[in-house]
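What follows is each chain in one-letter form.
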Amino acid sequence: MAIDIQGMGGSALRLAVAVDLTRNGTFSDSNEDITGYVKSIEWQNGFAQPFDVIARDTSLRLTLNNADKRFSPENTGGALGKNFTRGRVIRVSASYSGSAFTMLNAWIGAIRPSAGKFLDRQVEVETEGYMSRAQKAEVFIPVQSSKTADQVIGTVMSNTNIYPPGFTGRWLLGTIGFSELGENTILGVTSDYLNAETGKSTFVFAGDNWHDGVSVYGALKELSGREFGRLYLDRSGIINWWNRHHLITATTISASFNDTMQGIGYEYGDDVINRVIVQARPRLVSASGQTLGQTDRAFKVKASGSALVAFRYADQSSGANISGCAAISPSRNTDFTGNTASDGSGTDNTSLFSTCIINQYATRTEVMFGNSHTADLWVGSGAKIRGTKITDWGQVDMVRQDDASIGLYGRQLWSYPYAMDNISDASALVDYMADIRNEPRGRVITMTITPRNSAALMTQAMQRTIGDRIAIAETQTGTAADYFIIGEIHKFDMGAVNYQVTWLLERADANQYWVLGATGFSELGQTTYLGPL
């Protein structure tokens, strides 16, 4: 079943909506196609505004005919029953002129059936986005050294069970609903749900300042910010990450629009900046064997048993938070002693203990202490864990100010909300942003098309998506420039048979600068801005 939106020349856009009730990723089982019940639908994905390093949540708002109560999960007489519930994936797909498109994958969030059997008898469905789930989930990883952003992002993703909605029909060990033999049989790997370009910065350390854990969202946001990269979910619900050169080198124009839009959101002079601040956070690495943490009291290890102890790292002189790596398993007499009494006044039985590091994270290490004695023993107060200490010396602000621009347009501050890995990268980003935005300019913020009566516009509505470069010319404003699509919003109303597409845009010439060693971007006298490399 499909919704047909008639276009020019007899072609029709066919929209379809399905729910993965059985969670096998096919969207083709009994009752999973719900297209015939759609009254209206609106969805969006992508970034909220230019230069964002992480996208806002993908969202879908759906109004369905619920006359037969199938979308009322607590109505046992409904055809779908409790299979239509929070967490099931909804897919919006389309076909046009012989081509098929996945438009959106998202989880069901809120279900709001209207009450009253003589009233409108419909249901409102809103989805939950990946970013919302990622903000509620913590991640712990070992300190990452000499890694690029994409490598660390891959480590973050492999250490959490929060997967994007496009990751369906995969087998996940130990996860209920995804590890039943014969139901979900394809073993999932990180590359199934993460498309990441190689980062341009090599981080000295990453994860070292995530004291007591960080949300998955917080980790992804920081890593993208340190690179000046971009992270978003594409139409299929898969995570995409671009390095900072992605939009710089994307010069191919995918489509041109010359007074063919229904409307544009246009601003002139609103994005001038003439004072730029970018932070850097240099780290100091100590020699191996420094004390990272220690216990403040004795603890008991039962006879022929074991005890798991978490050593939290802290500076031993100031008590300040530090991070560390390369932890060394505690050594008898050097790092701890064992005794038959908690205060150390009994018999020394240190030789009967064994130690083993179980988990090692940026700000703590978990150690298993084993006791081979037939009686309970105590590990004395002051047991310690040693390793390589990493000291964060705080932020260093790189600042550039254009006094001439301030005199003409007033002081306009832009402070980058993320800390770059080193002073060199921070300085380059300061120079870049100050160079491209110190004068007023016009920019198109949004562009809307109504493609129903134009085969050409319908093709663009289907094909154009996040990252595409388009040329826009509009007579009334006089604008004529290239833009990147950074977000998309689609709306369809069955009653009015109206289809509308709005693109959120970022001006492309803001990304034209000099890239060392890249053909087409490093020719002397042709491309002159030094970018944040």
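Check the entry above for the structure.
Model, not experiment: these values are computed from the prediction.

Asks: Mind showing me how you'd approach the overall build of the protein here?
Replies: What the protein contains, in helices and strands, is six helices and 35 strands. Of all 533 residues assigned to the protein, the portion counted as buried reaches 49%. Across the protein, every contact between residues at least 6 apart in sequence was considered, and the portion connecting residues at least 24 apart equals 70%. Here the protein displays about 23400 Å² of accessible surface, and carbon together with sulfur accounts for 47% of that area.

Asks: Would you explain helix H3 (residues 216-227) in this entry?
Replies: For H3, which comprises twelve residues, the first-to-last C-alpha distance of 17 Å matches the rise-based estimate of 16 Å (1.5 Å per residue) to within 8%. Within H3, ten of the twelve residues are buried, which leaves the element mostly enclosed by the surrounding structure. Within the span of H3, buried status applies to Val216, Tyr217, Ala219, Leu220, Glu222, Leu223, Ser224, Gly225, Arg226 and Glu227. Remark: Phe228 follows H3 within two positions and exhibits a positive phi of approximately 60 degrees.

Asks: Could you clarify how one ought to interpret the pairing of strand S27 (residues 364-371) in this entry?
Replies: The side chains of a regular strand alternate, residue by residue, between the two faces of the sheet. In terms of burial, S27 is largely enclosed, as seven of its eight residues are buried. Of the pairings in the sheet, the one linking strand S23 (residues 306-312) to S27 comprises seven bridges and is antiparallel in character. The residue bridging Arg312 from the neighbouring strand is Arg364, located in S27. Bridge count for strand S26 (residues 353-360) against S27 is seven bridges, and the pairing is antiparallel. What sits directly across from Phe353, in S27, is Asn371. Between S26 and S27, which follow one another and run antiparallel, lie three residues.

Asks: Just checking my understanding: could you explain the sheet that holds S26 for this structure?
Replies: Backbone hydrogen bonds hold the strands of a sheet together, and the pairing may be parallel or antiparallel. Read from one edge of the open sheet, three strands run S23-S27-S26, paired in antiparallel fashion. Here the strands that pair on one side only, and so sit at the sheet edges, are S23 and S26. The mean inter-strand angle of the sheet, taken between neighbouring strand axes irrespective of direction, is 25 degrees.

Asks: What am I meant to see in the side chain of Gln279 here?
Replies: Position of Gln279 relative to the elements: it lies in strand S19 (residues 275-280). When sequence neighbours within four positions are dropped, the list of residues in contact with Gln279 reads Gln395, Val396, Asp397, Tyr418, Ala419, Met420 and Ala426.

Asks: What exactly am I supposed to notice about unusual backbone geometry here?
Replies: Although it is not a glycine, Phe51 adopts a positive phi angle of roughly 70 degrees. By the secondary structure assignment, Phe51 is in the loop between strand S3 (38-46) and strand S4 (59-65). A relative accessible area of 11% means that Phe51 is categorised as buried. At Ser146, a position not held by glycine, the phi torsion is positive, near 55 degrees. The residue Ser146 is located in strand S9 (residues 144-148) in this model.

Asks: Hey, could you run me through the pattern of salt bridges in this one?
Replies: A side chain with one charge can pair with a side chain of the opposite charge if their charged atoms come near. If you walk through the whole model with that rule in mind, you get 24 salt bridges. Glu128 is paired through a salt bridge with Arg133; the nearest N and O atoms lie 3.1 Å apart. Residue Glu128 is classed as buried on the basis of its relative accessible area of 9%. A salt bridge links Arg469 to Asp482, with the nearest nitrogen and oxygen atoms 3.2 Å apart. Taken as a pair, Arg469 in strand S33 (residues 469-474) and Asp482 in strand S34 (residues 479-493) lie far apart in primary sequence, 13 residues in all. Salt bridges linked by common partners bring Asp270, Asp271, Arg437, Arg441 and Arg443 together as one network.

Asks: Would you mind going over the packing of aromatic side chains with me for this structure?
Replies: How two aromatic rings sit relative to each other is given by the distance of their centres and the angle of their planes. All chains considered together, the criterion is met by 16 aromatic pairs. Ring centres of Phe257 and Trp503 lie 5.5 Å apart, and the angle between their planes is 65 degrees; this geometry places the pair in the edge-to-face category. Here Trp503 lies in strand S35 (residues 498-507) and Phe257 lies in strand S17 (residues 255-258), a separation of 246 residues in the sequence. The residues Phe257 and Trp503 share a single accessibility class, namely buried. Each ring, one from Phe311 and one from Phe369, has its centre 6.4 Å from the other, and the planes form 45 degrees; the classification is tilted. Of this pair, Phe311 sits in strand S23 while Phe369 sits in strand S27, and the two are 58 residues apart along the sequence. Exposure remark for Phe311: the relative accessible area of 1% places this residue in the buried category. By relative accessible area, Phe369 is classed as buried at 0%. Counting every residue linked through ring pairs, the aromatic cluster contains Phe299, Phe311, Phe336, Phe353 and Phe369.

Asks: Looking at this structure, how should I read the sheet that holds strand S12 (residues 194-196)?
Replies: Taken in spatial order, the three strands make up an open sheet running S12-S16-S15, and their pairing is mixed. In this open sheet, the two strands that pair with only one neighbour each are S12 and strand S15 (230-233). The average angle at which neighbouring strand axes cross in this sheet is 15 degrees, direction not considered. Bridge analysis of S12 against strand S16 (residues 239-242) gives three bridges, and the strand direction is parallel. Across the sheet, Leu194 pairs through a bridge with Ile239, a residue of S16.

The rules behind these values
Residues numbered from 1 in each chain as written. Predicted model: local features only at pLDDT ≥ 70, side-chain atom pairs only at ≥ 80, totals over all residues. Heavy atoms only, no water. Helix = DSSP H or I, 4+ residues; strand = E, 2+ residues; numbered from the N terminus. Buried < 20%, exposed > 50% of the residue type's maximum accessible area, 1.4 Å probe, protein only. Contact = heavy atoms within 4.5 Å. Areas by Shrake-Rupley, 256 points an atom, 1.4 Å probe, with all protein chains shown as cover. Expected span 1.5 Å × (residues − 1). Pairing = 2+ DSSP bridges. Axes fitted to C-alpha atoms, helices over the stretch in contact; angles between N-to-C directions. Salt bridge = Lys/Arg side-chain N within 4 Å of Asp/Glu carboxyl O. Phe/Tyr/Trp six-rings, centres within 6.5 Å; stacked < 30°, edge-to-face > 60°.

Keep in mind these values describe shape, not function.
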